[in-house]
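# Examining the three-dimensional arrangement
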Amino acid sequence: MTRERDPFRIPRAGLEVAAIAGLASIDANLNAGSLSGGEFVAESTLGGMAVYAIYQTLLSGLRTEALRKRGAISRAVQVRLIGTTVWESVKQGAAVSVLMGFLLLVFPWLSAPLSILGLVGMSMASIELFNAFWDGLDELQRSELLDASLEAGVNLRRFLNGDQHQTQII
């Protein structure tokens, strides 16, 4: 996965959260899991929409904060951008979650592969969130964070630059 370098692009929640959104469920009527088919799809859809909304809010908030700090947008524009991108993401999340809910209703054995795909997707989502966070830091904050990571024994520069540590076989 390559790092998105365009600081003016607002990332969108995509396939990286689809699997975990399909497995998320919110027990809307608090019946502790006794589900009929329609109730399962509805609660799965609510859970998926929540996953998409939370992830998109974090992505948009971190990226637009970086833009606001640079003076490219105002706070009002930032709030509008976050609201717009979250609304679009929730609509996409509803569609994906309904489809996943029906698939899991018909093929319940798909929950195991979706769990594995969800872990892979969430790791990709974590990287995207970290990149959005990093872009929002100023140079002093980045320097302090890099120094602290080196003190902790973590080479953050390697992660940020995408350098691969190559071991030599002697």
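Residues numbered from 1 in each chain as written. Predicted model: local features only at pLDDT ≥ 70, side-chain atom pairs only at ≥ 80, totals over all residues. Heavy atoms only, no water.

## Details of the overall build of the protein chain
Counting its secondary structure elements, the protein chain contains six helices and zero strands. In the protein chain, the succession of helices and strands from N to C terminus is α-α-α-α-α-α. In the protein chain, the share of contacts with a sequence separation of at least 24, taken over all contacts with a separation of at least 6, comes to 71%. Here the protein chain has roughly 10,300 Å² of accessible surface; of this, 65% comes from carbon and sulfur atoms. (Helix = DSSP H or I, 4+ residues; strand = E, 2+ residues; numbered from the N terminus. Contact = heavy atoms within 4.5 Å. Areas by Shrake-Rupley, 256 points an atom, 1.4 Å probe, with all protein chains shown as cover.)

## So, a negative patch on the surface
A grouping of Asp138, Glu144, Asp147 and Glu151 is seen on the molecular surface, where their side chains present a negatively charged patch. Following the sequence through the fold, Glu144 ends up in helix 5 (residues 139–151). (Patch = residues over 30% accessible without salt bridge, like charges linked within 9 Å, V, L, I, M, F, W, Y side chains within 5 Å. Salt bridge = Lys/Arg side-chain N within 4 Å of Asp/Glu carboxyl O. Lys, Arg positive; Asp, Glu negative; His and termini not counted. Charge placed at Lys NZ, Arg CZ, Asp CG, Glu CD.)

## Re the nonpolar core
Counting nine residues, the largest nonpolar core consists of Ala13, Val17, Ala18, Ala21, Tyr52, Tyr55, Leu59, Ala125 and Leu129. Secondary-structure elements contributing two or more residues to this core are helix 1 (18–23), helix 2 (37–70) and helix 4 (111–135). Take this core: its biggest share by element is three residues, from helix 2. The residues touching Ala125, leaving out its near neighbours within four places in the chain, are Glu16, Val17 and Tyr55. (Core = buried A, V, L, I, M, F, W, Y, C linked by side-chain atoms within 4.5 Å. Buried < 20%, exposed > 50% of the residue type's maximum accessible area, 1.4 Å probe, protein only.)

## Observations regarding a nonpolar patch on the surface
On the surface, Val98, Leu99, Phe102, Leu103, Leu105, Val106, Phe107 and Trp109 cluster together into a nonpolar patch covering about 760 Å² of accessible area. In this structure, Trp109 sits in the loop between helix 3 (75–106) and helix 4.

## Let's talk about the side chain of Gln78
By secondary structure assignment, the location of Gln78 is in helix 3. On the basis of relative accessibility, which here comes to 4%, the residue Gln78 falls in the buried class. There is a polar contact of 3.2 Å between the side chain of Gln78 and the side chain of Thr64. When sequence neighbours within four positions are dropped, the list of residues in contact with Gln78 reads Gly61, Thr64, Glu65, Arg68 and Ile73. (Polar contact = N/O pair within 3.5 Å; in protein donor to acceptor, adjacent residues only side chain to side chain.)

## Some thoughts on helix 4
Helix length check: helix 4 (25 residues) gives 35 Å between terminal C-alpha atoms against 36 Å at 1.5 Å per residue, within 8%. Residues of helix 4 that are buried: Leu114, Gly118, Gly121, Ala125, Glu128, Leu129, Asn131, Ala132, Trp134 and Asp135. (Expected span 1.5 Å × (residues − 1).)

## Topic: the packing of aromatic side chains
The tally for this structure, following the rule as stated, stands at three aromatic pairs. Each ring, one from Phe107 and one from Trp109, has its centre 6.1 Å from the other, and the planes form 65 degrees; the classification is edge-to-face. Take Trp109: its relative accessible area is 59%, and that puts it in the exposed class. Between the aromatic rings of Phe130 and Trp134, the centroid separation amounts to 6.0 Å while the plane-to-plane angle is 25 degrees, which identifies the pairing as stacked. Of the two residues, Phe130 and Trp134 both sit in helix 4, four residues apart, roughly one turn of that helix. In textbook terms, an aromatic cluster arises when at least three aromatic residues are bridged by ring pairs, as seen for Phe130, Phe133 and Trp134. (Phe/Tyr/Trp six-rings, centres within 6.5 Å; stacked < 30°, edge-to-face > 60°.)

Read these as spatial facts, not as claims about activity.
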